[in-house]
Amino acid sequence: MNASLGALCKPIRTVLRWQLIATAALTLAGGILAGVDGALSAVLGGAVSVCAGWVSAVVASKGKAQSAGDVLIGALIAEGVKIGLIVILLWLVLATYDSVVAPAFFGSFIVTVLIFGMAFFVREYE
């Protein structure tokens, strides 16, 4: 597992860290505004995105690209894995957690998904 984390490039590690920080802040806000269920909903919303992003990054880092086409195929596979995992995890939470606070859950999920998209803007050499 450490080898997988070490293989992830700096932008992905940075964005995953930002996602965790945002999830913690939204968990605090959810807890203040809606109690324990609000906090747990925010944690679960952030966790869906963080888990899917991490798995996607690991899948992308395992590729052995020899050409631009290989890079594109690897990126599309990683994105497909991410989207599939998001759908499964969203369904799993909504199907099993009866007391979900939808604004906290989806708010945390959306914020962390948007943060993941910011990986493009993180410089590799800082």
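Going by the structure above, here's the rest.
Treat the numbers as computed from the prediction; the structure is a model and nothing was measured.

Trainee: Would you explain the overall build of the protein chain in this entry?
Mentor: Looking only at helices and strands, the protein chain features four helices and zero strands. Traced from its N-terminal end to its C-terminal end, the protein chain shows the element sequence α-α-α-α. Summarising the internal contacts of the protein chain: among those between residues at least 6 apart in sequence, 75% fall at separations of at least 24. Here the protein chain has roughly 7,500 Å² of accessible surface; of this, 74% comes from carbon and sulfur atoms.

Trainee: Could you clarify how one ought to interpret the nonpolar core in this entry?
Mentor: Most often, soluble globular proteins have nonpolar side chains that are buried together. In terms of nonpolar packing, the biggest core is built from 10 residues, these being I12, V15, L16, A22, V50, A57, I115, F116, A119 and V122. Going through the elements one at a time, α2 (10-61) and α4 (102-116) are the ones with two or more residues in this core. Counting residues in each nonpolar core, the second largest holds eight residues, with V48, I86, L89 and V93 among its members.

Trainee: Looking at this structure, how should I read helix α3 (residues 68-96)?
Mentor: Think of an α-helix as turning once every 3.6 residues; residues three or four places apart then point the same way. In this model α3 runs 42 Å from its N-terminal to its C-terminal C-alpha over 29 residues, within 8% of the 42 Å that 1.5 Å per residue would give. Of the residues making up α3, those classed as buried are A78, K82, I86, L89, L90 and V93.

Trainee: Explanation requested: the side chain of S41 in the structure shown.
Mentor: The topology assignment puts S41 in helix α2. A residue is classified by how much of its surface remains accessible, and S41, at 0% relative accessible area, is buried. There is a polar contact of 2.7 Å between the side chain of S41 and the backbone nitrogen of V101. When sequence neighbours within four positions are dropped, the list of residues in contact with S41 reads Y97, S99, V100, V101, A104 and F105.

What counts, and at which threshold
- Residues numbered from 1 in each chain as written.
- Predicted model: local features only at pLDDT ≥ 70, side-chain atom pairs only at ≥ 80, totals over all residues.
- Heavy atoms only, no water.
- Helix = DSSP H or I, 4+ residues; strand = E, 2+ residues; numbered from the N terminus.
- Contact = heavy atoms within 4.5 Å.
- Areas by Shrake-Rupley, 256 points an atom, 1.4 Å probe, with all protein chains shown as cover.
- Core = buried A, V, L, I, M, F, W, Y, C linked by side-chain atoms within 4.5 Å.
- Buried < 20%, exposed > 50% of the residue type's maximum accessible area, 1.4 Å probe, protein only.
- Expected span 1.5 Å × (residues − 1).
- Polar contact = N/O pair within 3.5 Å; in protein donor to acceptor, adjacent residues only side chain to side chain.

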